[in-house]
Amino acid sequence: QGRTQKQNEDKEYTKTELDRSVVVPAQIKTVVQAYKDSIYESLYPERTKDWSMIPKTLFFAKKESHANDILEAVKEVFGKEFPNGEVPENFVQKITCTAGNSNQLISDFRNNKDFRIAITVTLVATGTDVRPLEVLVFMRDINSEVLYTQMKGRGCRTIDDDKLKNVTTN
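Residues numbered from 1 in each chain as written. Predicted model: local features only at pLDDT ≥ 70, side-chain atom pairs only at ≥ 80, totals over all residues. Heavy atoms only, no water.

A. Spatial organisation of the environment of Gln93. Within the fold, Gln93 resides in strand β2 (residues 92-94). Taking C-alpha positions, Gln93 is 8.9 Å from Thr120, a pair spaced 27 residues apart along the chain. Non-local contacts of Gln93, meaning those with residues more than four positions away in its chain, are made with Leu71, Leu105, Phe115, Ile117, Ala118 and Ile119. In terms of polar contacts, Gln93 uses its side chain to reach the backbone carbonyl oxygen of Asn90, at 3.3 Å. (Helix = DSSP H or I, 4+ residues; strand = E, 2+ residues; numbered from the N terminus. Contact = heavy atoms within 4.5 Å. Polar contact = N/O pair within 3.5 Å; in protein donor to acceptor, adjacent residues only side chain to side chain.)

B. Main features of the nonpolar core. By size, the foremost hydrophobic cluster in this structure holds 27 residues, and its most contacted members are Phe59, Val74, Phe78, Phe91, Ile117 and Ile119. Contributing elements (two or more residues each) for this core: α1 (25-43), α2 (64-79), β3 (117-120) and β4 (133-138). At seven residues, α2 tops the list of elements feeding residues into this core. Once you skip the residues sitting within four places of it in the chain, Ile117 turns out to touch Ile54, Thr57, Phe59, Val74, Phe78, Phe91, Val92, Gln93 and Phe109. The next biggest cluster of nonpolar side chains, apart from the first, holds 10 residues, and it includes Phe109, Ala118, Leu133 and Met151. (Core = buried A, V, L, I, M, F, W, Y, C linked by side-chain atoms within 4.5 Å. Buried < 20%, exposed > 50% of the residue type's maximum accessible area, 1.4 Å probe, protein only.)

Such coordinate-based values are descriptive only and should not be taken to indicate function.
Structure follows, in structure tokens:
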């Protein structure tokens, strides 16, 4: 890391090498920016634009380091909408094996108004009920129809409007 080396010939990278052998922060940032741009334009145009109340969103990362890269991209892209250019303290958090008490983080994501974006690898992929969750962003391949159905199910739970408004006020 930190050194530059010029290649003599072009190298083709496979999709499986992306974000494993080769990390392209600009690509991750482009996806996060596209999501941010769509929130109040095409996904929820009827909602009052309030960046601290974006829909509860879950990003699925390929691995821990990829989750870290997504976390940094979210902080950079959404930070522009907040004072001092920084997202609020609990706005975006990882729910991964290394992120601390995962049960508490899941509970916080479910119930806390200020926790808007979670990033996970597998911990929230199956069997977790976060009813106020409205948006899923898949930033990894899913090679199993069963696992995909389970992951997609995180965003298909129903919730009464009044309960949703408790955590997403707009």
